[in-house]
Amino acid sequence: MNEHGEYVDVNEAASDMVGFSQDEILDMSVADLAPEHDDPEDMPNFVQVRETGHMRTEYQIRHKDGHTVDVIIEAVELEDGRLVAYVQDISEQKQYEKALERSRDELRQIIDQIPDPIFVKNRDDKVLLSNEANARLHGLTPDEIEGKREREIERDVENITDFDRYREREREVMATGESRTYKEELTSPSGEQHVFRTTRIPFAMVERSESAVLGYARDITELEKYEQELKEQRDNLEVLNQVLRHDVRNDLQLVTAYADLLLEECEDEELKEYTTTIRESANHAVELTGTAREIADVMLSATREDQQVDLRAVLEKEVSEVQSSYPDAAVTYDTAIPPVTINATEMVSSIFRNLLKNAIQHNDEPLAEVTVSATTHDGIVTVRIADNGPGVPDDQKQTIFGKGERDLEVTGTGIGLYLVEALVTSYDGDVYVEDNDPEGSIFVVELPTAG
């Protein structure tokens, strides 16, 4: 082009780039290829070429069909005063950059919606990415924290305890390429102490060709408080359990023993009646402490993973023992018990022991009749314990297990049934009561079989 910006020579590639023929371009000047909306002052300033002999800039030129083409223009001045311009089409690169920018904006919107802190840092401790939740921990915005070294930020806000140890953990993740999770403490700008479970993941920065670490932190402050309260409750329950196992039970057994001696020595019928009541009440209290102790064991028990029991063996043992304890009752099988195993602990026997005893103790018939049956279907074993007692009113079929308000004062409700419901629930099962025909109740226990 000459000093007036008019084209004096053009190659075929330039013609293809703008859609004009070579002859058409030779009749044009630089201004003719400028976008229609462009401000003349924004056009490439070729004065710089005259002053320095060289110019390089990004620009847009107009295509014949009206669209614009993103280009890089590099121009030099020849000895005769003419300018030679090299024009490179960078449209695809610009489209990629715009798509990348949209992706970044979308990523920013996504991570800022996440309530947990997220960050990316490189080996130099520079924060490459931070969502709003992470920035708020430092009392800053993402724009204020990104691009800075976290050590410098920490000097200003002083809210991370043992910063060097946390930084060492990040270096370890980048060095080993393995994720790590730690429990860490941080003080918020308002002075509140927070506990986080922070996971650091190896992260490769493709654009920068460098190693980095992606951090994800979950605030577990409330969970920590809850776990501490739970531990204290478990400790208190353990003390209660020990008292029930030893002190209270021993004292009640002593009462029972003296009541037996009084019955042997006493000749007064009225006093014998009183003493019998004392002995029966003491025996009942011993039974209650045993059930309460079992409830405490359920609450204190560890996971039952990989523990299995033979249901038929459990049922046959409990039926035999209950029949021996209550010889005046008739306990029979209505079906053969299938040979199945269930995922449970040995305490599962308490479920059937309490239901069998309940069917007899709350029976007002001259002969308490109890039948036991079991069937399996689709991975569930269903055990039914039916009796010929007074039955359970419809309005008590839920509360009888202590469900809902856990009202243990409802007529017919006992702590033993509360234990039944607690154990069945812990084994991912279900328990409910149905009406028997023509009279009585059927207590139904459903438990998943071992897969």
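Everything here concerns the structure above.
The model shown is predicted, which means the values in this text are computed figures rather than measured ones.

Conventions adopted
- Each chain has its residues counted from 1, following the order in which its sequence is written.
- In keeping with the model being predicted, local features are shown solely for residues with a pLDDT of at least 70 and side-chain atom pairs are shown and tallied solely at 80 or more, while totals for entire chains, interfaces and linings include all residues.
- Only hydrogens and water are set aside when side-chain values are computed; all heavy atoms of the structure are taken into account.
- Numbering of helices and strands runs from the N terminus, with a helix taken as a DSSP run of H or I at least four residues long and a strand as a DSSP run of E at least two residues long.
- Three exposure classes are used, based on accessible area relative to the maximum for each residue type with a 1.4 Å probe and protein chains only: buried under 20%, partly exposed in between, and exposed over 50%.
- Contact between two residues is taken to exist if any of their heavy atoms lie within 4.5 Å; hydrogens are not considered.
- Surface accessibility in these figures is a Shrake-Rupley result with a 1.4 Å probe; residues are shielded only by whichever protein chains are displayed.
- Pairing between strands is defined by DSSP: at least two bridges between the two strands are required.
- Convention adopted: a line fitted to C-alpha atoms gives each axis, helices being fitted over their contacting stretch, and angles between N-to-C directions are expressed from 0 to 180 degrees.

So, the overall build of the protein: which residues are in play, and what are the values?
Along the backbone of the protein there are 13 helices and 15 strands. Looking at the 451 residues of the protein, the share that counts as buried comes to 39%. In the protein, once contacts between residues fewer than 6 apart in sequence are set aside, the share between residues at least 24 apart is 53%. Working note: accessible area of the protein is about 26500 Å², and carbon and sulfur atoms make up 47% of it.

With reference to specific residues and values, describe the environment of valine 76.
Along the chain, valine 76 turns up in strand 2 (residues 68–77). When its relative accessible area of 33% is taken as the criterion, valine 76 is described as partly exposed. If near-sequence neighbours (up to four positions away) are discounted, valine 76 is found in contact with Val49, Gly53, His54, Arg82, Leu83 and Val84.

Kindly report on the environment of glutamate 58, identifying the contributing residues and their values.
Mapping glutamate 58 onto the fold places it in strand 1 (residues 54–62). Judged by relative accessible area, glutamate 58 falls into the partly exposed class, the value being 45%. Separated by 30 residues in sequence, glutamate 58 and glutamine 88 have C-alpha atoms that sit 9.4 Å apart. Not counting the four nearest positions on each side in its chain, glutamate 58 is found in contact with Val71, Ile72, Ile90 and Lys94.

Run through unusual backbone geometry, naming residues and quoting values.
The omega torsion of the bond from aspartate 437 to proline 438 falls at 15 degrees, within 30 degrees of zero and hence cis. Following the sequence through the fold, proline 438 ends up in the loop between strand 14 (430–435) and strand 15 (441–448). Although it is not a glycine, aspartate 125 sits at a positive phi angle of roughly 70 degrees. Inspection of the secondary structure puts aspartate 125 in the loop between strand 4 (118–122) and strand 5 (127–130).

Now, about the sheet that holds strand 15: what can you tell me, with residues and values included?
Taking strand neighbours across the sheet as the criterion, the five strands line up as 10-12-13-15-14 in an open arrangement whose pairing is mixed. Both edges of this open sheet fall to strand 10 (330–333) and strand 14, since each of them pairs with a single strand only. Here the average twist between neighbouring strands, direction ignored, is 20 degrees. As judged from the seven bridges shared by strand 13 (residues 380–387) and strand 15, these two strands associate in the antiparallel manner.

Just give me the short version of the sheet that holds strand 2, but keep the residues and values in it.
Judged by pairing direction, the sheet is antiparallel, and its three strands sit side by side in the order 1-2-3 without closing on themselves. Taken across any chain shown, the strands that pair with only one partner, and hence form the sheet edges, are strand 1 and strand 3 (83–89). For this sheet, the mean angle separating the axes of adjacent strands, direction not counted, is 30 degrees. Across nine bridges, the pairing between strand 1 and strand 2 is antiparallel. Bridge pairing in strand 2 links isoleucine 61 to valine 69.

Function cannot be read off these values alone, since they describe shape.
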